[in-house]
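Here is what each chain is made of, one letter per residue.
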Amino acid sequence: MVYAYSRQEPVLQRISFSLNKGDRVALMGATGSGKSTLLENLIGLKEPQSGKITINGIPVQPKTLPQIRRQIGFSFQDANDQLFMPTILEDVTFGPRNYGMSAAAASDRARQLLADFGLEAYANRSAHELSGGQRRLAALAAILALEPTILILDEPTNGLDPAWRRHLAQVLFKLPVEVILIASHDLHWLGRVTQRALVLSGGRIQIDGDIQPLLQDGTTLDQLGLPVDW
Amino acid sequence: MLNLSLPLRLQLSLVIVVGAALLKHDAWYGLSVYAAIALLWAWLLRAPIRQLGGLLGTELIFLSLLTLPLGWQKASFLLVRSLICLLAMNSFLLTLPPHSFGIALKSLPVPAPIKENLLLAGQYMEILLSEVTRMQRSAQLRGLTGTAVWLRYTSAAMIGALYLRSLDRAERVYAAMVARGYNGQLPIDSNLRPKERFTLLLAWVIAAAITVTSYKI
């Protein structure tokens with residue numbers, strides 16, 4: 001696929017990859033390499049100029065978006081954008097209720113997720129009262145409430161301290177999702193939670209392979225704008 | 001402070017406002033009852049007196065400009081009635097916990113589409129205010145100090161930047177809503193508990209009795 005912001009040099013050119021059941025994939029790349037743009041194309045928030053994206057055999061098109069989005073949990077880079085309801089509980093129940101779940105069942109599921117993230121005390125409070133890290137966790141709970149089969153996370157560890165990063169990794173390991181795609185600059189964390197790496201640079205996927213050998217190859221990462229120890 | 005849920009507090013404040021607003025003109029007896037209730041309400045909510053006084057003073061100046069041309073007799077009743085309504089609503093607003101206006105707003109007894117719009121507008125105001133605060137801090141950190149300088153900066157460069165930032169943010173929020181299956185309807189729950197419903201019903205009955213009596217005396 002190819003994607004360009006209007007009349008500009010394409011941000012993404014000739015991007016091609018496939019994700020399989022059981023994949024835990026890291027999407028890496030320097031700042032401005034197009035990671036978020038690629039993720040937004042995957043859930044149809046942006047439309048590629050050419051090429052085709054298929055999720056579980058369904059092409060990503062305007063008419064198939066509800067079907068596509070039902071399967072994908074997408075967490076945005078800025079958690080503030082994702083929390084828009086008056087209370088955290090309503091934010092977490094928002095997705096399930098849009099897809100027809102009863103208020104009581106959605107509330108039960110939301111409370112369980114909030115408890116998993118240590119946010120049960122904030123259920124009936126506004127997102128504005130939470131710290132940055134807590135907002136990130138609440139946003140993730142809102143995504144997981146949809147019980148997606150594919151999970152796409154954009155910079156999920158932003159604003160999380162090491163203990164919560166570890167907790168998030170443990171939560172991700174337990175999730176019954178088929179595919180996880182994570183865009184992040186947090187290379188060490190990615191090394192712990194993913195097995196495969198896609199590295200974006202110059203609008204193309206330059207590397208598609210196992211993450212561990214890549215993380216050992218400091219020279220290559222440095223050339224791609226991803227110095228490991230910085 | 002009285003341990004009542006925010007939706008119930010909003011609804012009880014509205015009972016006082018609606019009851020007082022529907023009183024018969026010149027029904028001073030009924031008005032004095034509502035005045036006592038509004039004062040009790042302000043006390044129960046522990047409204048901060050200094051802020052409440054300042055707010056009521058400012059609002060009354062504007063109201064005086066509107067009502068005094070009607071003549072003293074009419075104006076005095078209207079002013080006292082407005083004062084009671086404002087006392088009830090300001091007491092509610094001044095005792096709201098930070099960022100909880102939306103939580104209270106969802107219990108408004110209005111049709112769902114209006115409620116949704118109010119709710120989103122309320123959330124948008126929060127976003128706008130947080131953007132203003134961030135921009136203000138950022139400007140201060142880069143040497144922009146003093147109210148006069150800030151106001152000059154606000155009037156020129158900031159409005160455009162604020163508009164773009166809030167528009168950008170609104171688009172991202174909308175994208176997040178769409179990604180979670182938003183189909184034009186916000187799932188809003190504002191059910192009062194049975195005990196709260198009974199309290200509200202009782203309040204409506206008392207208000208109705210006072211207001212209806214004002215027409216019979």
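Numbers given for residues are sequential positions, taken from 1 along each chain in its written order. Working convention: letters from A go to chains and numbers from 1 go to ligands, in the order in which they are written. Where totals are concerned, whole chains, interfaces and linings use all residues; where local detail is concerned, this predicted model gives features only for residues with pLDDT of at least 70, and gives and counts side-chain atom pairs only at 80 or more.

Time to look at the overall build of chain B. Here a strand is any run of E in DSSP of at least two residues, a helix any run of H or I of at least four, and the numbering for each starts at the N terminus. In terms of helices and strands, chain B carries 8 helices and 0 strands. Over its C-alpha atoms, taken along the principal directions, chain B stretches across nearly 65 × 45 × 30 Å. Comment: burial labels come from other C-beta atoms within 10 Å of the residue's own C-beta, placed from the backbone, where a count of 20 or more is buried, 12 or fewer is exposed, and between is partly exposed. A buried classification covers 25% of the 217 residues belonging to chain B. Counting only contacts in chain B whose residues sit at least 6 apart along the sequence, the fraction spanning at least 24 positions is 76%. The contact criterion used is a C-beta to C-beta distance within 7 Å, with each C-beta placed from the backbone.

All names here are of chain B. An automatic or database domain assignment supplies the residue ranges for each domain. The assigned domain composition of chain B is domain 1 (6-105 + 190-216) and domain 2 (112-179). Listed as interface residues are 4 residues of domain 1 and, on the opposing side, 5 residues of domain 2. The class makeup of the residues in the side of domain 1 that touches domain 2 is 2 nonpolar, 2 polar and no charged. For this classification, the nonpolar set comprises Ala, Val, Leu, Ile, Met, Phe, Trp, Tyr, Cys and Pro, the charged set comprises Asp, Glu, Lys and Arg, and every other residue, Gly included, is treated as polar.

Generally speaking, nonpolar side chains in soluble globular proteins are found buried as a group. Residues Leu27(A), Val92(A), Ala138(A), Ala141(A), Ile152(A) and Ile182(A) are the most contacted members of the largest nonpolar core, which totals 74 residues. For Ile182(A), the residues in contact, after removing those within four places along its chain, are Ala26(A), Leu27(A), Leu153(A), Pro156(A), Leu190(A), Val193(A) and Thr194(A). Any nonpolar core is a set of buried residues, restricted to Ala, Val, Leu, Ile, Met, Phe, Trp, Tyr and Cys, that join up through C-beta atoms within 7 Å.

Our next topic: the sheet that holds strand 6 (residues 179-183) of chain A. For sheets, the rule is that strands pair by backbone hydrogen bonds, running either parallel or antiparallel. Residues and elements named next belong to chain A. For two strands to pair, DSSP has to find at least two bridges joining them. Taken in spatial order, the 6 strands of this open sheet run 4-5-6-1-7-8, and their pairing is mixed. The open sheet has two free edges, formed respectively by strand 4 (72-75) and strand 8 (204-210), since each of these has just one partner strand. Each neighbouring strand pair of the sheet contributes to a mean axis angle of 15°, computed without reference to strand direction. Here strand 7 (residues 196-201) pairs with strand 8 via 6 bridges, running antiparallel. Along strand 8, the bridge assignment pairs serine 201 with arginine 204. Fitting a line to C-alpha atoms yields each axis, with helices limited to the stretch in contact; the angle taken between N-to-C directions then spans 0 to 180 degrees. Across the sheet, helix 1 (residues 35-42) lies against strand 1 (24-29), strand 5 (150-154), strand 6 and strand 7, angled at about 150° from strand 5, the strand it touches most.

Our focus in this paragraph is the packing of helix 3 (residues 88-98) of chain A against helix 4 (residues 103-116) of chain A. Any two packed helices are characterised by the angle at which their axes cross and by the distance between the axes. Residues and elements named next belong to chain A. Two elements in contact, helix 3 and helix 4, have axes whose closest approach is 9 Å; the angle formed by their N-to-C orientations is 125°. The orientation of helix 3 relative to helix 4 falls into the category oblique. By crossing handedness, the relation of helix 3 to helix 4 is classed as right-handed. For the pair helix 3 and helix 4, the contacting residues are Ile88, Leu89, Val92, Thr93, Pro96 and Arg97 in the first and Ala103, Ala106, Ser107, Arg109, Ala110, Leu113 and Leu114 in the second. Of the residues contributing to the contact of helix 3 with helix 4, the split by class is 9 nonpolar, 2 polar and 2 charged. Any angle between 65 and 115 degrees counts as roughly perpendicular, while under 35 counts as roughly parallel, over 145 as roughly antiparallel, and the rest as oblique. When the near helix sits turned anticlockwise from the far one by under a right angle, the crossing is termed left-handed; a clockwise turn instead gives a right-handed crossing.

We now examine helix 3 of chain A. Since there are 3.6 residues in each turn of an α-helix, residues three or four apart along the chain are aligned in direction. All names here are of chain A. Of all the 11 residues making up helix 3, 11 are buried; the element is thus mostly covered by neighbouring parts of the structure. Among all positions in helix 3, only Ile88, Leu89, Glu90, Asp91, Val92, Thr93, Phe94, Gly95, Pro96, Arg97 and Asn98 are buried. Residues of helix 3 that are buried sit in contact with helix 4 and helix 5 (132-144).

Looking now at the interface of chain A and chain B. Counting residues at the interface gives 24 residues for chain A, matched by 22 residues for chain B. Every element with two or more residues in the side of chain A that touches chain B is listed here: helix 2 (65-71) and helix 3 of chain A. Ranked by residue count, the leading element in the side of chain A that touches chain B is helix 3 of chain A, at 5 residues. Looking at the side of chain A that touches chain B residue by residue, the classes come out as 12 nonpolar, 7 polar and 5 charged.

With that out of the way, let us pick up the confidence of the model for chain B. Residue and element names in this part refer to chain B. The predictor's confidence in any single residue is recorded as pLDDT, a number from 0 to 100. Put simply, chain B has an average pLDDT of 83, and 90% of its residues get 70 or more. The least confident element of chain B is helix 5 (residues 101-105), whose mean pLDDT is 74; the most confident is helix 2 (residues 28-45), at 94. The ipTM assigned to the predicted complex is 0.75, against a pTM of 0.73.

The next point concerns the environment of Glu178(A). Residues and elements named next belong to chain A. Position of glutamate 178 relative to the elements: it lies in the loop between helix 6 (162-174) and strand 6. Linking glutamate 178 and valine 193, residues 15 residues apart in sequence, is a C-alpha distance of 14 Å. In this view, glutamate 178 contacts Lys21, Gly22, Thr149 and Ile150; residues no more than four positions away in its chain are not counted.

It is worth spelling out the pairing of strand 7 of chain A at this point. All names here are of chain A. Note: strand 1 against strand 7, 5 bridges, orientation parallel. Opposite alanine 26, over in strand 7, you have alanine 197 as the bridge partner. In textbook terms, the turn of a hairpin is the stretch between consecutive antiparallel strands, and for strand 7 and strand 8 this stretch comprises 2 residues, one of which, glycine 202, has a positive phi near 60°.

Residue and element names in this part refer to chain B. For helix 8 (residues 194-216), built from 23 residues, the straight-helix expectation of 33 Å at 1.5 Å per residue is met to within 8% by its first-to-last C-alpha distance of 33 Å. Along helix 8, the residues classified as buried are Ala207, Ile210, Thr211 and Ser214. The inward-facing, buried residues of helix 8 contact helix 1 (6-21) and helix 2. By definition here, a helix of n residues has an expected span of 1.5 Å times n minus one.

Within the secondary structure, Glu120(A) is located in the loop between helix 4 and helix 5. Each C-alpha atom, one on Glu120(A) and one on Ala110(A), is 9.3 Å from the other, the two residues being 10 residues apart in sequence.

Let's shift gears to the packing of helix 2 of chain B against helix 4 (residues 72-94) of chain B. Residue and element names in this part refer to chain B. As a packed pair, helix 2 and helix 4 sit with axes 9 Å apart at the nearest point and diverge in direction by 20°. As summarised for this structure, helix 2 and helix 4 are arranged roughly parallel, according to the angle between their axes. As helix 2 packs across helix 4, the resulting crossing turns out to be left-handed. Taken together, the residues of helix 4 that come into contact with helix 2 (itself represented by Leu31, Tyr34, Ala35, Ala38, Trp41, Ala42 and Leu45) are Val80, Arg81, Ile84, Leu87, Ala88, Ser91 and Phe92. When its residues are assigned to classes, the contact of helix 2 with helix 4 shows 12 nonpolar, 1 polar and 1 charged.

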